[in-house]
Amino acid sequence: ILDETNKMDKLVKQLLELMKLEYGKREFNDKEFNIIEVEKEVIRKSKVMLEENKIEVKIDTLEPIQVFADDFYIEQVITNYITNAIKNAKEINNCKLIKISNKIKKEEGKVRVTVFNSGKHIKDEDLERIWNRFYKADESRNRSDGGTGIGLAFVKAIMNNYQNKYGINNVDDGVEFYFVGYLERITQSFGDIGEDGVHLGGCLHPFLLGVAHTLGVVQVFAGTKADQAVVSLSVVGIDEMDVVGGD
């Protein structure tokens, strides 16, 4: 009875946290950090499960990759992906494999993190549904594995707050989950833009950088809260406006 009570308490707390994320009520403590170290730490914490399931883990690089986000929530995303991969990894070509890949997209100021596990493909009709709370693509599984059924819903909510992509693909010999994150915060000064001599300077989130270029901004003061990125703009032909990031 005590065990079930603890599980219910954990579920209630996670649901409350999920609701805050979904409704944009959670403030993020964004900062620069090395995402490779976070990946290594998640693997370290998962060592027992990996060994019990005889799963080999690979990371495509150990070179530091600086990103700009809340390291606690990005660790939650990676943890959910790794946990999901452990539960679903199957032996292919005499090997149970999980592979983490990091692809830098310098032109976009972003990195794409992918977690692959060898095993069965996910049915096409389940590819979108698995992001919903309590949805189980595999009906033979239950919560005896310690899961609450909302891990991927957490990923969806966190990525929506950052307005970044996430998803899943069926690939050769398995499945890959991915998410996109911002690289370290960009600090740039630009020369004149256009015939009116408009000047842009300051420290901007990559998403806001695109807004500034599009509008032709004189000055930008950008907040770093992912769920409420507010920009005060002085624009040629426009006195002042606010741009609020969100759905």
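Residues numbered from 1 in each chain as written. Predicted model: local features only at pLDDT ≥ 70, side-chain atom pairs only at ≥ 80, totals over all residues. Heavy atoms only, no water.

Draft legend 1. Main features of the pattern of salt bridges. Throughout the structure, instances matching the rule amount to five salt bridges. Here lysine 31 and aspartate 71 are joined by a salt bridge, their closest N and O atoms 3.6 Å apart. Here lysine 31 is found in strand 1 (residues 31–34), whereas its partner aspartate 71 is found in helix 4 (residues 71–88), with 40 residues between them in sequence. For aspartate 71, a relative accessible area of 25% gives the class partly exposed. A salt bridge links lysine 45 to glutamate 75; the nearest nitrogen and oxygen atoms lie 2.8 Å apart. (Salt bridge = Lys/Arg side-chain N within 4 Å of Asp/Glu carboxyl O. Helix = DSSP H or I, 4+ residues; strand = E, 2+ residues; numbered from the N terminus. Buried < 20%, exposed > 50% of the residue type's maximum accessible area, 1.4 Å probe, protein only.)

Draft legend 2. Geometry of helix 4. Over its 18 residues, helix 4 runs 26 Å from end to end, which matches the ideal 26 Å to within 8%, given 1.5 Å per residue. Tyr73, Ile74, Glu75, Val77, Ile78, Asn80, Tyr81, Ile82, Thr83, Asn84, Ala85 and Ile86 are the residues of helix 4 that are buried. Capping of helix 4 at its N-terminal end is provided by aspartate 70; its side-chain oxygen lies 2.9 Å from the backbone amide nitrogen of phenylalanine 72. (Expected span 1.5 Å × (residues − 1). Polar contact = N/O pair within 3.5 Å; in protein donor to acceptor, adjacent residues only side chain to side chain.)

Draft legend 3. Spotlight on the sheet that holds strand 4 (residues 97–105). Strand order in this open sheet of five strands is 2-4-5-7-6, and the pairing throughout is mixed. The strands lining the two open edges of the sheet, one partner per strand, are strand 2 (56–59) and strand 6 (166–171). Going across the sheet, the axis of each strand differs from the next one's by a mean of 20 degrees, ignoring polarity. Examined bridge by bridge, strand 6 and strand 7 (residues 174–182) share six bridges and lie antiparallel to one another. (Pairing = 2+ DSSP bridges. Axes fitted to C-alpha atoms, helices over the stretch in contact; angles between N-to-C directions.)

Read these as spatial facts, not as claims about activity.
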